Amino acid sequence: MDDSTGLILKALRFSARKHNDQRRKDSRSSPYVNHPIQVAETLWRVGGVRDVTLLIAAILHDTIEDTGTTPEEIRAEFGGDVLALVLEVTDDKSLPKQTRKQLQIQTAPHKSHNAKLLKLADKICNVDDIVHSPPADWTLERKREYLLWTEKVVAGLRGVNVKLEMAYDELLAEGKRALGLE
Ligand code: NDP
Ligand code: ZN
């Protein structure tokens, strides 16, 4: 085993601790950390990603946005490259929600290669959740709007990984059929 295995385990432990009291929005209120683990594993298995910095950033990708984690903590524990990637995929929560959603669409094409890969895997996992374990209280209309929004973000992420893009396209098509969008 090399050092990267230890770093990935350290990131899993860090993310599990940070997201400890947080739950996903599905009917079973699953542990939040299931999601960043799924994103990292999707990058590895579907996207063939072997870049350890990217895999660690995936494990940590929601810690600044959704927990009290500071950028300094991530820099101290995992270094500046991981921090830069996490920051690239972190929304500014001080902005109104609709602004944040619009900004994701506008900024996607200008993200770095690795941030695009991470955002693609994130959207794959969230569409998968909407289709297979959706927020319990969401109306059909809200689920539809969410799928259509991810499609606009993903349009700006294309050209970085064919396998991830195909996986997204298949899931989106499944979701659209399930929600009566086509
Ligand atoms: P939210 O941003 O509130 O929720 C989606 C986010 O929640 C995901 O991106 C994901 O983010 C996280 N998440 C946690 N658990 C789940 C899960 N089980 N399944 C999916 N995602 C999960 O969504 P929106 O407010 O954007 O709602 C979607 C659309 O519906 C929008 O276009 C909105 O305009 C519209 N709408 C909104 C209403 C509102 O009250 N806000 C009401 C009606 C419609 P992460 O990866 O960060 O965990
Ligand atoms: Zn996420």
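All values derive from a computational prediction rather than experimental measurement.

Visitor: Help me understand the nonpolar core in this model?
Guide: Within soluble globular proteins, side chains that are nonpolar tend to cluster in buried spots. Among the nonpolar cores identified, the biggest contains 46 residues, and Leu43, Leu60, Ile74, Phe78 and Val82 are the most heavily contacted of them. Of all the secondary-structure elements, those providing two or more residues to this core are helix H1 (3-18), helix H2 (34-45), helix H3 (52-59), helix H5 (71-78), helix H6 (80-88), helix H8 (113-132), helix H9 (140-155) and helix H10 (162-178). When residues of this core are assigned to their parent elements, the largest contribution, 9 residues, is made by H8. Those residues within four positions of phenylalanine 78 in sequence are excluded, and the remaining contacts are Leu7, Lys10, Ala11, Phe14, Ile56 and Leu60.

Visitor: Honestly, the side chain of glutamate 65 in this entry has me stumped. Any pointers?
Guide: Topologically, glutamate 65 is positioned in helix H4 (residues 63-66). In this structure glutamate 65 is buried but unpaired, with lysine 93 as the nearest side chain of opposite charge at 4.7 Å. Here aspartate 91 takes part through its backbone nitrogen, which lies 2.7 Å from a polar atom of the side chain of glutamate 65. Ignoring anything within four residues of it in the chain, the contact list for glutamate 65 reads Val89, Thr90, Asp91 and Lys93.

Visitor: Just checking my understanding: could you explain the packing of aromatic side chains for this structure?
Guide: Describing an aromatic ring pair means giving the distance of the ring centres and the angle of the ring planes. Using the criterion set out here, one finds 3 aromatic pairs in the structure. Both rings, one in tyrosine 146 and one in tryptophan 149, keep their centres 5.4 Å apart while their planes meet at 55°; by these two values the pair is tilted. Within this pair, tyrosine 146 and its partner tryptophan 149 are both found in helix H9, separated by 3 residues, close to a single helical turn. Of the residues examined, tyrosine 146 reaches a relative accessible area of 13% and is grouped as buried. Given a relative accessible area of 9%, tryptophan 149 falls into the buried group. In textbook terms, an aromatic cluster arises when at least three aromatic residues are bridged by ring pairs, as seen for Trp138, Tyr146 and Trp149. Lying over the aromatic face of phenylalanine 78, lysine 10 brings its terminal NZ or CZ to 5.3 Å of the ring centre.

Visitor: Hey, could you run me through the environment of isoleucine 37 in this one?
Guide: Structurally, the position occupied by isoleucine 37 is in helix H2. Under the relative-accessibility criterion, isoleucine 37 is labelled partly exposed at 39%. The sequence separation of isoleucine 37 and leucine 55 amounts to 18 residues, and the corresponding C-alpha distance is 9.5 Å.

Visitor: For this particular structure, what's the right way to read the pattern of salt bridges?
Guide: Pairing between side chains of opposite charge can happen when their charged atoms approach one another. In the structure shown here, the tally under the stated rule is 8 salt bridges. One salt bridge in this structure joins lysine 10 and glutamate 77, with 3.2 Å as the shortest N-O distance. Taken together, the residues lysine 10 in helix H1 and glutamate 77 in helix H5 connect sequence positions 67 residues apart. Taking relative accessible area as the criterion, lysine 10 reaches 33% and is therefore assigned partly exposed. A salt bridge links arginine 144 to glutamate 141; the shortest N-O distance between them is 3.7 Å. Highlighted residues: arginine 144 and glutamate 141, both in helix H9, separated by 3 residues, approximately one helical turn.

Cut-off values and rules
- Residues numbered from 1 in each chain as written.
- Chains lettered and ligands numbered in written order.
- Predicted model: local features only at pLDDT ≥ 70, side-chain atom pairs only at ≥ 80, totals over all residues.
- Heavy atoms only, no water.
- Core = buried A, V, L, I, M, F, W, Y, C linked by side-chain atoms within 4.5 Å.
- Buried < 20%, exposed > 50% of the residue type's maximum accessible area, 1.4 Å probe, protein only.
- Helix = DSSP H or I, 4+ residues; strand = E, 2+ residues; numbered from the N terminus.
- Contact = heavy atoms within 4.5 Å.
- Lys, Arg positive; Asp, Glu negative; His and termini not counted.
- Salt bridge = Lys/Arg side-chain N within 4 Å of Asp/Glu carboxyl O.
- Polar contact = N/O pair within 3.5 Å; in protein donor to acceptor, adjacent residues only side chain to side chain.
- Phe/Tyr/Trp six-rings, centres within 6.5 Å; stacked < 30°, edge-to-face > 60°.
- Lys NZ or Arg CZ within 6 Å of the ring centre and 35° of its normal.

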